[in-house]
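Observations on chain architecture
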Amino acid sequence: MAETLNLSAMTDQKILASHYTKLARELCPIYRFIGIETVSVDNNFYKCFTPLGENNKNHVGIMHAGPIWMTAEYVGALVVMHNCNDEFQPVVGSLDIKFINPAKGGIYAELIFGDDKVCAMKNDLLSTGKHKFETTVILRNEKEDKIAEAKGTYFVRDFLNKS
């Protein structure tokens, strides 16, 4: 029985990850261009992947800084996509990135965003209609070596409300 539940949870996670990948690529076509994929939104652990490809290589054949930055930026927005309805949208206020090692292949961005932070975000959005949060994103290569670390600030509100 536990195996069935675990398999079901894994299947649900894959479906959810695929949904968020599709949504992100529709909302921001640049994500489609660089090939970004959602990997996990499970247990407050958010993870995405960007492959090294022709669209995101630089002049020496490693991943260009822009797609690395976008991968770090996306995983913060993923927190909002997963925890809020579409009435609220995230916008990055700042994202400072420290590059540590070259990305010679695909990269993963990882972020832990605890239940306490999710509750604070939801409470702020219910009471004031806006929220600000900060993140630390770790970027790793496919061998799990750290290639960069980013500190971000995000603003969440109903930016699309025309009134």
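Each chain carries its own residue numbering, running from 1 in the direction its sequence is written. In view of the model being predicted, local features appear only for residues whose pLDDT reaches at least 70, and side-chain atom pairs are presented and counted only at 80 or more, with totals across whole chains, interfaces and linings using the full set of residues. For the side-chain quantities, the full set of heavy atoms in the structure was used; hydrogens and water were omitted.

1. A word on the overall build of the protein
The condition that has to hold: Every helix listed is a DSSP run of H or I at least four residues long, and every strand listed is a run of E at least two residues long, numbered separately from the N terminus. Between the two quantities, the radius of gyration covers C-alpha atoms and the globule rule is 2.2 Å times the number of residues to the power 0.38. Remark: exposure states derive from per-residue accessible area (1.4 Å probe, protein chains only) relative to the maximum for the residue type, with buried under 20%, exposed over 50%, and partly exposed in between. Here a residue-residue contact requires only that any non-hydrogen atoms of the pair lie within 4.5 Å.
Across its full length, the protein carries four helices and six strands. Overall, the protein shows an N-to-C arrangement of helices and strands of α-α-β-β-α-β-β-α-β-β. Taking 2.2 N^0.38 as the reference for a compact globule, 163 residues should give roughly 15 Å; the C-alpha atoms of the protein span a radius of gyration of 16 Å, in line with that estimate. Its C-alpha atoms give the protein principal-axis dimensions of roughly 50 × 50 × 25 Å. Here the protein holds 163 residues, and the buried ones make up 40% of them. Residue pairs at least 24 apart in sequence account for 67% of intrachain contacts in the protein once pairs closer than 6 positions are excluded.

2. Here we look at the packing of helix 3 (residues 65-83) against helix 4 (residues 115-127)
Rule in force here: Lines are fitted to the C-alpha atoms to define the axes, a helix being fitted only along its stretch in contact, and any angle between axes, read from their N-to-C directions, falls within 0 to 180 degrees. Orientation is classified from the angle alone, with under 35 degrees giving roughly parallel, over 145 giving roughly antiparallel, 65 to 115 giving roughly perpendicular, and any other angle giving oblique. Throughout, a crossing is termed right-handed when the near helix is turned clockwise from the far one, and left-handed when it is turned anticlockwise from it by less than a right angle. Gly is placed with the polar residues, together with every amino acid not listed as nonpolar (Ala, Val, Leu, Ile, Met, Phe, Trp, Tyr, Cys and Pro) or charged (Asp, Glu, Lys and Arg).
Packing of helix 3 against helix 4 brings their axes to within 11 Å, and their N-to-C directions diverge by 65°. Compared by their axis directions, helix 3 and helix 4 come out roughly perpendicular. Our pair here, helix 3 against helix 4, has a crossing hand that is right-handed. Here helix 3 contributes V79, V80 and N83 to the contact with helix 4, which in turn contributes V118, M121 and K122. Residues of the contact of helix 3 with helix 4, tallied by class, amount to four nonpolar, one polar and one charged.

3. What about the pairing of strand 4 (residues 107-112)?
This is how it is decided: DSSP-based pairing: two strands are paired if at least 2 bridges between them are found.
Among the six residues of strand 4, five are classified as buried, and the element is accordingly described as predominantly covered. Taken together, the six bridges between strand 2 (residues 45-50) and strand 4 define a ladder with antiparallel strand orientation. Across the sheet, residue F45 finds its bridge partner in strand 4, namely I112. In the sheet, strand 4 pairs with strand 5 (residues 130-141) via four bridges, with the strands oriented antiparallel. Across the sheet, residue Y108 finds its bridge partner in strand 5, namely R140.

4. Things to note about the confidence of the model for the protein
As a reminder, the rule being used: Every residue is assigned a pLDDT by the predictor, reflecting its confidence on a scale from 0 to 100.
Across the protein, pLDDT averages 92, with 92% of residues at or above 70. Every residue in residues 1-5 is under pLDDT 50, and counting partners more than four places away or in other chains gives zero contacts.

5. Here's the deal with the packing of aromatic side chains
Under the convention used in this document: Two rings belonging to Phe, Tyr or Trp (six-membered ring only in the last case) form a pair when the distance between their centres is within 6.5 Å. Interplanar angles under 30 degrees mark stacking, angles over 60 mark edge-to-face geometry, and anything in between is tilted. Counting as a charge over the ring demands two things of the Lys NZ or Arg CZ atom: a distance within 6 Å of the ring centre and an angle within 35 degrees of the ring normal.
As enumerated under the stated definition, the model contains four aromatic pairs in all. Ring pairs connect the aromatic residues F113, F133 and Y154, which therefore count as one cluster. Over the aromatic face of Y108 sits the side chain of K47, whose NZ or CZ is 4.5 Å from the ring centroid.

6. Let's talk about the pattern of salt bridges
To keep things clear, this is the line we draw: We count a salt bridge whenever a side-chain nitrogen from Lys or Arg sits within 4 Å of a carboxyl oxygen from Asp or Glu.
Using the criterion set out here, one finds five salt bridges in the structure. A salt bridge links K47 to E110, with the shortest nitrogen-to-oxygen separation between them at 3.8 Å. Pair noted here: K47 is in strand 2 and E110 is in strand 4, with a separation of 63 residues, a long-range link. On the basis of relative accessibility, which here comes to 14%, the residue K47 falls in the buried class. Salt-bridge contacts for E54 lead to K57; the nearest nitrogen and oxygen are separated by 3.3 Å. Here E54 falls in the exposed class, since its relative accessible area comes to 68%. What emerges from the salt-bridge pattern is a single network uniting K47, E110 and R140.

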